[in-house]
Every structure is written in structure tokens, then in C-alpha cells.
Amino acid sequence: MFNAKEFIQNSLKEIADSVGDSRVISACSGGVDSTVATYLVHKAVGDKLVAVFIDDGLRREGEPEFVVRILKELKINTRYIDAKEEFFKTFEGKTDAEEKRKAFRDKFYSTLGKVAKEEKIKFICQGTIKADIIETVKGIKSQHNVLEQIGIDSQVYGYKILEPLRELFKPEVRMVARELGLPAEISERMPFPGPALSLRILGVVTAEKAAIVRKATVIVEEEASALGSFQSFAVLHNDKATGIKDGNRMYGNIITVRIVHSKDAVTASAVNVPFELLAKISKRITTEIPSVVRCLYDITDKPPATIEFE
Ligand code: XMP
């Protein structure tokens, strides 16, 4: 049986021993994994920690403000890095899912590397958990936060990596979050992938497409909140479909709604959502987002699908 208290004690000691008198940067997206990892480092080294929130332009509505507020409330030194333009630039011309994942990973680590250089810091902490490592090592996909386990030395980016949660799965991370006394808006937060909306934009990722999928995400999350699902979100297709708006033919966007149950994200099942609710989501998406003419619901389990689309 996993003992969160014991894990925290051992982890604080391990972090303090690894970094000694050095300062540490922690990459925090505001998700449960990276916030727990950041808070552990904060408890272990106090003011020697700088939490970094990278705004890649792919976060959900209101998320940058939310994360900065939470880190402030936890009294953690925080830097907000506006890297929106650079991230969209890195996606230019890239349509293949793995190529996009690798481009995100490279931009993520080089942005952190720049901050580490400015701050003269050698250690970077991140919230990688066991499922991230397993899927990357198995070759299912390149998680944005797995490097050393696939033979890439983090020193190429100029720092050493700390991964205090590398042996845990999501339910255990939530137990640690509760034991640490983190607010429920963190400990119970719906999982959201590091590469963010880029995994939910098929084809080339652009700021315009991010704006569309961001709006659809708000609607899906609002309407699905009572279902208690593991994840609920929207995906923007690369191709278009014919539709009718205001009596005129329109060649517009397609959104897929994905709502899944899962324990640990390793397997998942599509939620049997009442048709009335699906119809309401479709109505809202196609009326509140002018460019969308068609809305689909994904009924595929994992496997054979994955939870995200890319
Ligand atoms: P898949 O799509 O592989 O997703 O079934 C399993 C879980 O992991 C999340 N996910 C990621 N999280 N970096 C992350 O931090 C990633 O690169 C990544 N890819 C997928 C996904 O949201 C789901 O919870």
C-alpha cells in the first residue's frame, strides 16, 4: 500500500541531498503532477526554488492566470515566461504527430535552458510520472517531459533533471497532493497534457486554431463537469466539412468531443454520455464558435485509440 507521508519524507530528503546548496528551477504547468513536484522542491529548498510557468499559447482559457495565482498563494517564487510566438514558430510546417511532439519537447527544454542560464541554475525539476516514462520508452509517443530515459542527456540543454514523481502513477500523485495540503483545485484537477492544446489540433498548430479549440474546450468542460469523467475535451480537425450557417453553404471546421473514464490513463473507456447532453454540447459549439459546422463524439476506448489525438 502506497504511503504518501513516507513518500514525502523520503522525497524531501532525496531532493535536498541531490541539490545541496544549489538553486533549482521547477517547470510548473499548474497540473497536479508538476505542481506537486514544484511544491515538494519548495518544501525541500525554500527560497532556492524558482518556479517557471511557460506560456506557450496553448493553455486553456484563463490557465496562465490560474497557475500564477496558485503559485503565489503557495508563496513560491515564480517567473511567467511569455513564449507564445516562439512556440507557434516552432510548429510551422509540421503536420506529423511525432514531429510536433518532438518540436514541442525541444522548445520546452530550450526555453527552460534559457531561464536556467539567466538564473545561473543547474537543476531543473519536472513532474514526470511513471506512465509518461512507460509510454515514451515503449515508443507509443514522445512525451514532452521524458529525456534521459530514452538516452537524451539533459546536459545538452545545460542542466540536470530532478524527477521526484518518476515512480508514481496519477492516483498516487493525487494522494501526495492531498497529504501536502494542496488545494482541491490542484489535487483533484483534471489531467491536461504538457504539450497542451497542440495534441488536440490536428495538422499544423497555429494561434488561430488554438483559439478555436480553446473555446470548444471551455464548452465541453463546462457541460461535462457533472459526469465525473477522467478527462473531457475538444479536438480540432485539420480537414473541413460542408455545413449551412444563416441559410448559406459554409465549408467549416470540425470538432470532436472526447470524454473518457480512466484510473491511470494507461487504459480508458469512452463515457456513455446521454444523447441530450451531447446534443447540447454540439449546439453550443456550432453556435458559439462561428467557424465550426460539425461536431462529432469519439466512442473509441484506449486501446485501440489513445486518449489524446496526437
Ligand atoms: P494518451 O493520449 O497517451 O494519454 O492516451 C494518456 C494521458 O497522458 C496525457 N498525455 C500527456 N501528458 N505530456 C504529458 O504531460 C505528454 O506528452 C502527454 N501525452 C498525453 C493525456 O492527456 C492523458 O491523460
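Residues numbered from 1 in each chain as written. Predicted model: local features only at pLDDT ≥ 70, side-chain atom pairs only at ≥ 80, totals over all residues. Heavy atoms only, no water.

*Asks:* Kindly report on the sheet that holds strand β4 (residues 123-125), identifying the contributing residues and their values.
*Replies:* Read from one edge to the other, the open sheet built from 5 strands follows the order β3-β2-β1-β4-β5, with strand pairing classed as parallel. Since the sheet does not close on itself, it has two edges, and those belong to β3 (78-82) and β5 (160-162), each with one partner. Averaged over neighbouring strand pairs, the angle between their axes works out to 30° when direction is ignored. For strand β2 (residues 49-55) and β3, the ladder comprises 5 bridges, and the chain directions are parallel. Paired with valine 52 across the strands is arginine 79, a residue of β3. Sheet strands in contact with helix α3 (residues 63-73) are β2 and β3, and its direction is about 170° off that of β2. (Pairing = 2+ DSSP bridges. Helix = DSSP H or I, 4+ residues; strand = E, 2+ residues; numbered from the N terminus. Axes fitted to C-alpha atoms, helices over the stretch in contact; angles between N-to-C directions. Contact = heavy atoms within 4.5 Å.)

*Asks:* Lay out the nonpolar core with the relevant residues and their values.
*Replies:* In globular proteins that are soluble, nonpolar side chains generally tend to be buried together. Counting 47 residues, the largest nonpolar core has Ile25, Leu58, Leu112 and Ile285 as its most contacted members. Only β1 (24-27), β2, α4 (84-90), α5 (97-119), α9 (207-224), β6 (231-245), β7 (248-261) and α10 (275-288) provide two or more residues apiece to this core. Sorting elements by how many residues they give to this core places α9 first, with 7 residues. Split by domain, this core shows at least three residues from each of two domains, domain 1 (4-187) and domain 2 (206-297). Formed by 35 residues, the second largest nonpolar core is a distinct cluster that contains Phe7, Leu49, Leu74 and Ile186. (Core = buried A, V, L, I, M, F, W, Y, C linked by side-chain atoms within 4.5 Å. Buried < 20%, exposed > 50% of the residue type's maximum accessible area, 1.4 Å probe, protein only. Domains from an automatic or database assignment.)

*Asks:* Just give me the short version of the packing of helix α2 (residues 32-45) against helix α7 (residues 170-179), but keep the residues and values in it.
*Replies:* The geometry of α2 relative to α7 is characterised by a closest axis approach of 10 Å and an angle of 45° between their N-to-C directions. As judged from the angle between their axes, α2 and α7 are oblique. Crossing geometry of α2 relative to α7 is assigned as left-handed. Taken together, the residues of α7 that come into contact with α2 (itself represented by Val32, Asp33 and Val36) are Lys170, Val173, Arg174, Val176 and Ala177. (Parallel < 35°, antiparallel > 145°, perpendicular 65-115°, else oblique. Left-handed = near helix turned anticlockwise from the far one by under 90°.)

*Asks:* Before we move on, could you go through the domain arrangement of the protein chain and cite the residues and values that matter?
*Replies:* The assigned domain composition of the protein chain is domain 1 (4-187) and domain 2 (206-297). Taken together, the contact between domain 1 and domain 2 spans 10 residues of the former and 10 residues of the latter. For the pair domain 1 and domain 2, the summed buried surface comes to about 830 Å²; carbon and sulfur atoms form 63% of the total. The largest share of the area that domain 1 buries against domain 2 comes from Arg60, Glu61 and Phe88, three residues that together contribute 44% of it. Across the pair arginine 60 and glutamate 221 runs a salt bridge, and its minimum N-O distance is 2.8 Å. (Buried area = accessible area lost by both parts, 1.4 Å probe. Salt bridge = Lys/Arg side-chain N within 4 Å of Asp/Glu carboxyl O.)

*Asks:* Account for the pairing of β6, with residues named and values stated.
*Replies:* Note: β6 against β7, 12 bridges, orientation antiparallel. Residue valine 235 lies in a different strand from β7, and its bridge partner there is threonine 256.

*Asks:* Kindly report on the pattern of salt bridges, identifying the contributing residues and their values.
*Replies:* As a working rule, side chains carrying opposite charge can pair if their charged atoms are close by. If you walk through the whole model with that rule in mind, you get 27 salt bridges. With a shortest N-O distance of 2.7 Å, glutamate 288 and arginine 284 are connected by a salt bridge. One end of the pair is glutamate 288 and the other is arginine 284, both in helix α10 and 4 residues apart, which spans about a single turn. For arginine 284, a relative accessible area of 18% gives the class buried. Salt bridges here are not isolated pairs; linked through shared partners, they connect Glu222, Glu223, Lys280, Arg284 and Glu288.

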